[in-house]
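Chain by chain, the residues run as shown.
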Amino acid sequence: MATSKDYISFITEQLSALGDIKVRQMMGEYIIYFRGKIAAYVCDNRLLVKLVPAAEKYLPGARHEPPYDGAKNMLLVEEFDNPDFLTGLFEAIYDELPAPKPKKKK
């Protein structure tokens, strides 16, 4: 089941206060970039953030789930209808997110 347009629109609206959010569609699912770093995936109408220590601290007891078969586990965000909570989560994890990989030269 692919993520619905309504769900991804709702999630991006919740994160709009952060400003530097970009969403990229990949095969019916979405990757959320925060200040140029991959912060989360939206797959099957689920919001999953990168599994970094700050995320585990911010989301104690959150379920670990892969966004798709064969992927590494991420943390399932169940409180996605509170914009203050979500923006706080993204701010908390930013410094621990991996830097983007350099683009290959042609």
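In what follows, the accompanying structure is described. Remember, predicted model here, so these are calculated numbers, not experimental data.

### A short note on the layout of surface pockets
Each pocket or cavity is described by its volume, and for the largest pocket that value is around 630 Å³. Lining the largest pocket are 22 residues, and of these Tyr 33, Ile 38, Tyr 41, Lys 50 and Lys 101 lie nearest its centre. Of all the secondary structure elements, the ones that give two or more residues to the lining of the largest pocket are β1 (21–26), β2 (29–34) and β3 (37–43). Top contributing element to the lining of the largest pocket by residue count: β3, with three residues. When the residues that make up the lining of the largest pocket are grouped by side-chain class, the tally is 14 nonpolar, two polar and six charged. There is about 220 Å³ of room inside the second largest pocket. Considering the residues around the second largest pocket, the lining is formed by Met 26, Met 27, Glu 29, Tyr 30, Ile 31, Ile 38, Tyr 41, Cys 43, Asp 44, Pro 67 and Tyr 68. Of all elements in the fold, only β2 and β3 reach the threshold of two or more residues within the lining of the second largest pocket.

Each value, and the rule that gives it
- Residues numbered from 1 in each chain as written.
- Predicted model: local features only at pLDDT ≥ 70, side-chain atom pairs only at ≥ 80, totals over all residues.
- Heavy atoms only, no water.
- 1 Å grid on protein atoms, 1.4 Å probe; cavity = no way out; pocket = protein on both sides within 12 Å on 5 of 7 lines; lining within 4 Å.
- Points joined across faces, edges and corners; volume = space filled by probe spheres on them.
- Helix = DSSP H or I, 4+ residues; strand = E, 2+ residues; numbered from the N terminus.
- Nonpolar A, V, L, I, M, F, W, Y, C, P; charged D, E, K, R; others polar.

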